[in-house]
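# Analysis of the macromolecular model
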Amino acid sequence: QVQLVESGGGLVQPGDSLRLSCAVSGFTSHYYSLAWYRQVPGKERESISCVSSSTGITSYRDSVKGRFTISRDNARNTVYLDMNSLKPEDTAIYYCRANILSRIYWGQGTQVTVSS
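As the structure is a computational prediction, the values presented were derived from the model and not from experiment.

## Examining the pairing of strand 11 (residues 110-114)
- Across the two faces of strand 11 the burial differs, with Thr110, Val112 and Val114 buried and Gln111 and Thr113 not buried at all.
- In the sheet, strand 2 (residues 10-12) pairs with strand 11 via 3 bridges, with the strands oriented parallel. Its bridge partner lying in strand 11, Gly10 is registered against Val112.

Structural data, given as structure tokens:
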């Protein structure tokens, strides 16, 4: 059974940094794409960043380009999201998503709050 578990969220001040982690279990191969999404109550979940399984190519939402970095450690089946220069508008629940053999799996989410 595939499971995704996020960690690393918290309360930080504007300008601070956080690293989110998402550990994937229940699937032995690392040939699957991984992505980070976020959602604010009352709004749709939006894509933040993704990393290809085969090429390692990454992409980012315009609002986080230059501030967020996605990376993956295939040996640990873990994807990371390094978030720098955080802004209040980055406040949301952050989810990781895996596309494994054309099936979508979601983690439970981790809250990130940016406030002074």
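## A short note on the pattern of salt bridges
- One pass over the full model with this rule turns up 7 salt bridges.
- Ionic pairing is found between Arg67 and Asp90, a salt bridge with its closest N-O pair at 2.7 Å. Of this pair, Arg67 sits in the loop between strand 6 (58-60) and strand 7 (68-73) while Asp90 sits in the loop between strand 8 (78-83) and strand 9 (92-100), placing them 23 residues apart in sequence. Just as Arg67 is buried, Asp90 falls in that class too.
- Note that Arg76 and Asp73 form a salt bridge whose closest N and O atoms lie 3.2 Å from each other.
- Arg76 gets classed as exposed once you look at its relative accessible area, which sits at 60%.

## Topic: unusual backbone geometry
- Positioned with a positive phi, Asn77 is a non-glycine residue whose angle comes to about 50°.
- Of note, Asn77 is situated in the loop between strand 7 and strand 8.
- On the basis of relative accessibility, which here comes to 17%, the residue Asn77 falls in the buried class.
- One non-glycine residue, Ser85, lies in the positive phi region at around 50°.

## Here we look at the environment of Trp106
- In this fold, Trp106 is placed in strand 10 (residues 103-106).
- Judged by its relative accessible area of 36%, Trp106 falls in the partly exposed class.
- When the C-alpha positions of Trp106 and Tyr37 are compared, they lie 9.7 Å apart, and in sequence the two are 69 residues distant.
- Other than its neighbours up to four places away in sequence, Trp106 contacts Leu4, Tyr37, Arg45, Tyr95, Cys96 and Arg97.

About the criteria used
Residues numbered from 1 in each chain as written. Predicted model: local features only at pLDDT ≥ 70, side-chain atom pairs only at ≥ 80, totals over all residues. Heavy atoms only, no water. Buried < 20%, exposed > 50% of the residue type's maximum accessible area, 1.4 Å probe, protein only. Helix = DSSP H or I, 4+ residues; strand = E, 2+ residues; numbered from the N terminus. Pairing = 2+ DSSP bridges. Salt bridge = Lys/Arg side-chain N within 4 Å of Asp/Glu carboxyl O. Contact = heavy atoms within 4.5 Å.

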